[in-house]
Amino acid sequence: MAIALKLSDELVEMAKPHAAAEHRSVPKQIEYWARLGKAVEDNPGLPLQFIKDTLLAAQEAKADMLTPYQFGA
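Remember, it's a predicted structure, so these values are computed and weren't measured experimentally.

Asks: Account for the packing of aromatic side chains, naming residues and giving values.
Replies: For the structure on display, the rule yields 1 aromatic pair. Where Y69 meets F71, the ring centres are 4.9 Å apart and the plane angle is 85°; that geometry is what we call edge-to-face. Side by side, Y69 and F71 carry an identical accessibility label, which is exposed. Lying over the aromatic face of Y32, R24 brings its terminal NZ or CZ to 4.1 Å of the ring centre.

Right, dumping it as structure tokens:
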């Protein structure tokens, strides 16, 4: 469900270069920040990079992009 939100001009301007660097739209960049912020609040003891890697791995799993780990390889 999509809804219209009123965001500050400052937030939108801050998101623009990040969105461009990550090949996202500005709304998708802000959505990413919101998801990341929620994950950080839900897991305050975990390092930020671990949380980011976990979110990426979850999306890779949904896209069937994972490969089995080969022990001793």
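Asks: Tell me about the environment of I30, residues and numbers included.
Replies: Its place among the elements puts I30 in helix 2 (residues 26–42). On the basis of relative accessible area, I30 is assigned to the buried category, the value being 14%. Separated by 14 residues in the primary sequence, I30 and K16 have C-alpha atoms spaced 9.4 Å apart. Beyond its immediate stretch of four places on either side in the chain, I30 contacts L7, L11, V12 and A15.

Asks: For helix 3 (residues 48–62), give the residues involved together with the corresponding values.
Replies: Helix length check: helix 3 (15 residues) gives 22 Å between terminal C-alpha atoms against 21 Å at 1.5 Å per residue, within 8%. Positive phi shows up at D64, right after helix 3, with a value of about 55°.

Asks: How would you sum up the packing of helix 1 (residues 9–21) against helix 2? Please name residues and give values.
Replies: Working note: a packed helix pair is described by the angle between its axes plus the distance between those axes. At a minimum axis distance of 9 Å, the contact between helix 1 and helix 2 shows a crossing angle of 100°. Taken together, the axes of helix 1 and helix 2 lie roughly perpendicular to each other. For the pair formed by helix 1 and helix 2, the contact residues are L11, V12, M14, A15, K16, H18 and A19 on the first element and V26, Q29, I30 and W33 on the second. The residue makeup of the contact of helix 1 with helix 2, split by class, is 8 nonpolar, 2 polar and 1 charged.

How each quantity is defined
- Residues numbered from 1 in each chain as written.
- Predicted model: local features only at pLDDT ≥ 70, side-chain atom pairs only at ≥ 80, totals over all residues.
- Heavy atoms only, no water.
- Phe/Tyr/Trp six-rings, centres within 6.5 Å; stacked < 30°, edge-to-face > 60°.
- Buried < 20%, exposed > 50% of the residue type's maximum accessible area, 1.4 Å probe, protein only.
- Lys NZ or Arg CZ within 6 Å of the ring centre and 35° of its normal.
- Helix = DSSP H or I, 4+ residues; strand = E, 2+ residues; numbered from the N terminus.
- Contact = heavy atoms within 4.5 Å.
- Expected span 1.5 Å × (residues − 1).
- Axes fitted to C-alpha atoms, helices over the stretch in contact; angles between N-to-C directions.
- Parallel < 35°, antiparallel > 145°, perpendicular 65-115°, else oblique.
- Nonpolar A, V, L, I, M, F, W, Y, C, P; charged D, E, K, R; others polar.

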